[in-house]
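# A look at the structure
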Amino acid sequence: MRICVLGSGSKGNCTYVEGENTRILIDAGLSKLEIEKRLSLINVNPSEIDSILITHEHSDHIAGVGNFCRKYGCKIYAHQYIWPLLEQKINGINLKQQVEFNNKDFSINEFNISNFDLDHDSIHCVGFSISNGKTTISSATDLGHITDDIIKKLYQSDLVILESNHDVEKLMKNPNYPYQLKQRILSNHGHLSNDATANAIIKMLGKKVRGIILAHLSEDNNTPQLAYQTVQNVLKTNKANSNQNLVIDIAQQRQVGRIYKIKE
Ligand SMILES: [Zn+2]
Ligand SMILES: [Zn+2]
């Protein structure tokens, strides 16, 4: 399996996942043009994308879905609760390209895909675990808090993409963010802080996970260094650092991330 975060943050999210016979995207929150550009940087032809999995209906996750799928004819997989609104937001799409899922697992060619609920201020928000039977990757962004059930889902994966949205202190001190917005971000339906993410990572140590990509970083209330350091500090405090061989990476908003090849 190969995986690459093409872009992540409040200005657009899109992740590429490749199996032996299948190429999919998780979300398409960048413009069609930007997705085309970033796929070309990793030598993937956009016409080879089979399907796009949608986490939820916020524009930073769906902005490019309509245009991309109208051009390339790929299928859109979205939870049944969000389809009515999604269809309007992406400006209509051929019925044949619309695939509805519920809380049950489904498959796309060799991939078995399960989804799990995330608490977020959208109609419905999910994380995904994608497995080819040998290796598994999971993605969970846009969640106000993280539960043991979610952590359990994540630690059965080889690679995890996990939100590390903001530094609480930096957010609280940000004069450009009104009080209500701060409360929204900090609430149980908002976004995960660096501290919450770091504490969740502790619970994944010693399990299957070999790498974690911190994602959906706020450009206003976080920095890659701050997110990385928070995780490292918590690992250190829990005496669970480098000898665990856990790779911690940061997904960027404006740059294509590293390509991970996950071997069995
Ligand atoms: Zn969202
Ligand atoms: Zn988002």
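The structure presented is a predicted model; accordingly, all values stated were derived computationally and were not measured.

## Focus: the side chain of His56
- You can see His56 is positioned in the loop between β4 (51-53) and α2 (59-62).
- Take His56: its relative accessible area is 0%, and that puts it in the buried class.
- Only 3.2 Å separates the side chain of His56 from the side chain of His58, close enough to count as a polar contact.
- For His56, the side chain forms a polar contact with the side chain of His120, separated by 3.4 Å.
- Excluding anything up to four places from it in sequence, His56 contacts Asp27, His61, Ile62, Ile82, His120, Ser122, His124, Cys125 and Asp142.

## Re the coordination of the zinc ion (ligand 2)
- Donor atoms from the polypeptide that bind the zinc ion (ligand 2) are Asp60 (OD), His61 (NE2), Asp142 (OD) and His216 (NE2), placed at 2.1 to 2.2 Å.
- Between the four donor atoms coordinating the zinc ion (ligand 2), the angles at the centre fall across 93 to 163°, so the site counts as irregular.
- In this structure, the zinc ion (ligand 2) is positioned 3.5 Å from the zinc ion (ligand 1), and both are ligated by Asp142. Taken together, the residues span a long stretch of sequence, with Asp60 in helix α2 and Asp142 in the loop between β10 (136-140) and α5 (148-154) at a distance of 82 residues. Considered together, Asp60 and Asp142 belong to a single accessibility category, that of buried residues.

## Brief notes about the coordination of the zinc ion (ligand 1)
- In this structure, His56 (NE2), His58 (ND1), His120 (NE2) and Asp142 (OD) serve as the protein donors to the zinc ion (ligand 1), at separations of 2.2 to 2.5 Å.
- Coordination at the zinc ion (ligand 1) comes from four donor atoms whose angles at the metal span 91 to 173°, giving a geometry best classed as irregular.
- Taken in sequence order, the residues that donate to the zinc ion (ligand 1) follow the motif H-x1-H-x61-H-x21-D.

The rules behind these values
- Each chain carries its own residue numbering, running from 1 in the direction its sequence is written.
- Chains and ligands are labelled sequentially in the order written, the chains with letters from A and the ligands with numbers from 1.
- It should be noted that, the model being predicted, local features are given only for residues of pLDDT at least 70 and side-chain atom pairs only at 80 or more, the latter also being counted only at that level, while totals for whole chains, interfaces and linings use all residues.
- Calculation of side-chain values draws on the structure's entire complement of heavy atoms; hydrogens and water are dropped beforehand.
- Starting at the N terminus, helices and strands are each numbered in turn, a helix being any DSSP run of H or I of at least four residues and a strand any DSSP run of E of at least two.
- Exposure is judged per residue with a 1.4 Å probe applied to protein chains only, and the accessible area is read against the type maximum: over 50% gives exposed, under 20% gives buried, and values in between give partly exposed.
- We call two N or O atoms a polar contact when they sit within 3.5 Å, provided that within protein one can donate a hydrogen and the other can accept it, with sequence-adjacent residues counted only if both atoms are side-chain atoms.
- The contact definition used throughout considers only heavy atoms, calling two residues in contact when any of these lie within 4.5 Å.
- For Na, K and Ca the donor cut-off is 3.2 Å, while for other metals it is 2.8 Å, and in both cases only N, O and S atoms qualify; water is not among them, so sites may look incomplete.
- Think of it this way: with four donors and all angles in the 85 to 135 degree range, the site is tetrahedral; with four or six donors, opposite ones beyond 155 degrees and the rest between 65 and 115, it is square planar or octahedral; otherwise it is irregular.

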